Amino acid sequence: MIRKFDFLIIGSGVAGMSYALQVAESGKGKVALVCKTTIEESNTSKAQGGIASVTDMEKDDYRKHIKDTLVAGDYISDPRAVEQVVKGGPAAISRLVEWGVNFDKKADGTFDLHREGGHSEFRILHHADDTGFEIQRGLIEAVLAHPAITVFENHFAVEIITQHHLGIEVTRRTPDIECYGAYILDPDTRKIDTFLSRVTVMATGGCGAVYASTTNPNIATGDGIAMAYRAKATVKDMEFVQFHPTALYHPGETHPAFLITEAMRGYGGILRLPDGAEFMQKYDKRLSLAPRDIVARAIDKEMKIHGIDHVCLDVTHKDAEETRRHFPNIYAKCLSIGIDITKQYIPVAPCAHYLCGGILVDLNACSSIKRLYAVGECSCTGLHGGNRLASNSLLEAVVYAEAAARHSLAHLNEYAFNDRVPEWNDEGTLSNEEKILIAQDAKEVWQIMSSYVGIVRSDLRLKRAWTRLDLLYEETEELFKRVKATPDLCELRNMINVGYLITRQAIERKESRGLHYTIDYPKHAYDQK
Ligand code: FAD
Ligand code: SIN
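Residues numbered from 1 in each chain as written. Chains lettered and ligands numbered in written order. Predicted model: local features only at pLDDT ≥ 70, side-chain atom pairs only at ≥ 80, totals over all residues. Heavy atoms only, no water.

What follows concerns the site of ligand 2. By nearness alone, every residue bordering ligand 2 is listed as Gln48, Gly49, His244, Leu259, Thr261, Glu262, Arg292, His353, Arg388, Ala390 and Ser391. A distance of 2.7 Å separates an oxygen atom of ligand 2 from a polar atom in the side chain of His244. Here an oxygen atom of ligand 2 sits 2.6 Å away from a polar atom, N or O, in the side chain of Thr261. Its free accessible area being 250 Å², ligand 2 has 93% of it covered by the protein chains. In the shell around ligand 2, the residues fall into two nonpolar, six polar and three charged. (Near = heavy atom within 4 Å. Polar contact = N/O pair within 3.5 Å; in protein donor to acceptor, adjacent residues only side chain to side chain. Areas by Shrake-Rupley, 256 points an atom, 1.4 Å probe, with all protein chains shown as cover. Nonpolar A, V, L, I, M, F, W, Y, C, P; charged D, E, K, R; others polar.)

Structure follows, in structure tokens:
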């Protein structure tokens, strides 16, 4: 089946829905919003801490937020992207509020601001400790109410369409690669439909699910990055995978693991060893509020020194009522596994959380492929550099969705539908009866990435990951040619592609910088011990 939409958006998180609403409100065309499971399931809906923005102009200012972002990014962020996102903050917050998102306020009507690691001021807007859920809820309501937007749930984007599909050879050096839409699998009919578009927007989120332990839901398999890379788009900064220092340690619940928000350390939570001893003084003068790469590495090191599988976060010294009020979901979750956080330490360990790199885009969110935009976690805007400052990603997604909407609307007349695109051809392929191959290979990817491409890396570990991923790549590509495409097979293929990109770009970076820490090129004195 062939479908035609002026705007095709792949992904229904904060990035995809913000873009969808803006182009729909322009009245300039029909919008398709595609998501591979339900419209609710996304990294966005899991966000806890909040969204960073300078809103209290008396105490805070743009220069401080810019500086905090550059420091966290280990000075390799693109300053133009940092300025665009930080200064776009208040307008982005206003747009979210107009679309129906609620942020907590104080009695005087101003926003109740939290503080998180690496922030020099209180500037995190939040909705208790489930900010992402509230953002997702508000945007879904606005999207479903808009007549120009058609939502396709449970539709899996398999490949984006370029000249390659017209039989023209496309390499990484081809100058004018263009995107004409995407091939999308409808699991009900088991057919791959052709979605033709004038503008295609990748908003597929991150790839934490390539690791064995992650805060990301299972959908975060890096599909958009893998699709764009296969279509010869430029992909950058993949080595910068952020590990959140404090996921709840609860064996059996690692994929995904429940997050204990960084706002809890901003609130006064103290990191301790299980025997109560503090340890952050050994690593950074900001103690528990140091940026999360430093805290995650410190915890990783303490766990190795003491042979333990978690450390603890302590809020027992805080007022119990206040703790329950600020963190109702964390309180309830911990209580459900027998931990009363007002009286007991919370067991925590680091796990994969966020990808700073992705599809390289300019200030208008344009990728290196014409008519293909990328927004949100799948993109690499340069904002995060070597490491993301907490709560900057929701903000980046909204600001860049606006930039992409503005640019694509201004250029829409130059983009025509390409009616020569052929339909997907899977003649001669068979149904795959051996699901075990896919499930087992996916677990292998998790183990390879966690063991060899984790918080602490080395040349040897990375080479080992590369060799093993290469073998999985050969086997999976052979299977993909032979059998009918299914979501799990496509995800496996994408996970292998993304794992390969993280590993290769990590091998290429011959220094420890930001989130990429390798024992072969140590950075800080304490790292060499
Ligand atoms: P997502 O919200 O992940 O949406 C991705 C969408 O793409 C989904 O709809 C999915 O179905 C779709 N998709 C993916 N692949 C395909 C495919 N092949 N075909 C069709 N559809 C596809 N950031 C902050 O700034 N503040 C926070 O407090 C914060 N807390 C976080 C807490 C947790 C537990 C996690 C996991 C992340 C947190 N983050 C936070 C990061 C932030 O939530 C994400 O970076 C952001 O929400 C990503 O939004 P997105 O729109 O790019 O992608
Ligand atoms: C958190 O709440 O700790 C997550 C914040 C973020 O990832 O930005």
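Attention now moves to the site of ligand 1. Neighbouring ligand 1 are 39 residues; Ser12, Thr44, Gly50, Glu377 and Ser393 lie closest to it. Taking Ser391, its main chain carries an N or O atom lying 3.4 Å from an oxygen atom of ligand 1. Measuring from a nitrogen atom of ligand 1, one finds a side-chain N or O atom of Ser393 at 2.7 Å. For ligand 1, whose unbound accessible area comes to 1000 Å², protein coverage reaches 98%. Taken together, the elements giving at least two residues each to the shell around ligand 1 come down to helix H1 (14-26), strand S6 (156-161), helix H6 (223-230), strand S13 (346-355) and helix H11 (392-411). Counting residues per element, the shell around ligand 1 draws most heavily on H11, at three residues. Of the residues in the shell around ligand 1, the class split is 14 nonpolar, 19 polar and six charged. (Helix = DSSP H or I, 4+ residues; strand = E, 2+ residues; numbered from the N terminus.)

With that settled, consider the sheet that holds S13. Pairing within the open sheet is antiparallel, and its four strands lie in the order S10-S13-S12-S11. Each edge of the open sheet is held by one strand with a lone partner, namely strand S10 (241-248) and strand S11 (270-272). When strand polarity is set aside, the average angle formed by the axes of neighbouring strands in this sheet is 45 degrees. With three bridges joining them, S11 and strand S12 (residues 311-314) adopt antiparallel strand pairing. The residue of S12 that forms the bridge with Leu271 is Leu313. (Pairing = 2+ DSSP bridges. Axes fitted to C-alpha atoms, helices over the stretch in contact; angles between N-to-C directions.)

The subject of this paragraph is the packing of aromatic side chains. Considering all chains together, one arrives at nine aromatic pairs under this definition. Each ring, one from Phe103 and one from Phe111, has its centre 6.2 Å from the other, and the planes form 85 degrees; the classification is edge-to-face. Look at Tyr267 and Phe327: their rings are 5.2 Å apart centre to centre, the planes differ by 70 degrees, and that puts the pair in the edge-to-face class. Of the two residues, Tyr267 sits in the loop between helix H7 (263-266) and S11 while Phe327 sits in the loop between helix H9 (320-326) and helix H10 (328-336), which places them 60 residues apart along the sequence. For the pair Tyr267 and Phe327, a shared accessibility class is recorded, and that class is buried. A connected cluster of aromatic rings, assembled from ring pairs, spans Phe5, Phe152 and Phe195. Note that Lys4 overlies the ring of Phe417, its terminal NZ or CZ placed 5.2 Å from the centroid. (Phe/Tyr/Trp six-rings, centres within 6.5 Å; stacked < 30°, edge-to-face > 60°. Buried < 20%, exposed > 50% of the residue type's maximum accessible area, 1.4 Å probe, protein only. Lys NZ or Arg CZ within 6 Å of the ring centre and 35° of its normal.)

Along the chain, Val151 falls in strand S5 (residues 149-152). For the pair Val151 and Thr254, spaced 103 residues apart in sequence, the C-alpha separation works out to 31 Å. Every residue in contact with Val151, bar those within four places of it in the chain, is listed here: Leu33, Ile39, Val143 and Leu144. (Contact = heavy atoms within 4.5 Å.)

The subject of this paragraph is the pattern of salt bridges. With the rule as written, the count across this model stands at 37 salt bridges. The salt bridge involving Glu262 is made with Arg265; its shortest N-O contact spans 3.2 Å. Here Glu262 falls in the buried class, since its relative accessible area comes to 1%. Here Asp284 makes a salt bridge to Arg286, at a shortest N to O gap of 3.0 Å. Note on Asp284: relative accessible area 11%, which makes it buried. Each of Glu159, Arg230, Glu477 and Arg493 takes part in salt bridges that share partners, so that together they form one network. (Salt bridge = Lys/Arg side-chain N within 4 Å of Asp/Glu carboxyl O.)

This part is about the sheet that holds strand S14 (residues 358-360). Across a sheet, paired strands are connected by hydrogen bonds in the backbone, their directions being either parallel or antiparallel. The three strands are arranged S9-S14-S16 in an open sheet whose pairing can be described as mixed. Only two strands of the sheet have a single neighbouring strand rather than two, namely strand S9 (235-236) and strand S16 (379-380). Of the strand pairs in this sheet, S14 and S16 are connected by two bridges, and their pairing is parallel. Looking at S16, one finds that Ile359 is bridged to Ser379.

Turning our attention to the state of the cysteines. Evaluation of the coordinates by the stated rule reveals zero disulfides. Looking at Cys207, it has no disulfide partner, and the nearest cysteine sulfur is the one in Cys356, 10 Å off. (Disulfide = S-S within 2.5 Å.)

Glancing now at the pairing of strand S1 (residues 2-10). Looking down a regular strand, the side chains alternate between one sheet face and the other. The pairing of S1 with strand S8 (residues 191-202) spans eight bridges and is parallel. The residue of S8 that forms the bridge with Phe5 is Ser197. For S1 and strand S2 (residues 31-34), the ladder comprises four bridges, and the chain directions are parallel. Pairing of Ile10 across the sheet is with Val34, part of S2. In the classification by handedness, the crossover that spans S1, the intervening H1 and the parallel S2 is right-handed. (Right-handed = clockwise from strand over helix to strand, strands pointing away.)

Mapped onto the elements of the fold, His384 is located in the loop between S16 and H11. Looking at His384, its side chain comes within polar contact range of the side chain of Tyr354, at 2.9 Å. For His384, the residues in contact, after removing those within four places along its chain, are Gly73, Ser77, Tyr354, Cys356, Asn392, Ser393 and Glu396.

Judged by nonpolar contacts, the single largest core of 73 residues is most densely connected at Val210, Tyr211, Ile225 and Ile502. Counting residues per element, this core draws most heavily on helix H14 (residues 487-508), at nine residues. Among residues more than four places away in sequence, those in contact with Ile225 are Thr204, Val235, Met238, Leu355, Gly358, Ile359, Cys378, Val498 and Leu501. Residues Val86, Trp99, Ala142 and Tyr415 belong to the second largest nonpolar core, which totals 55 residues. (Core = buried A, V, L, I, M, F, W, Y, C linked by side-chain atoms within 4.5 Å.)

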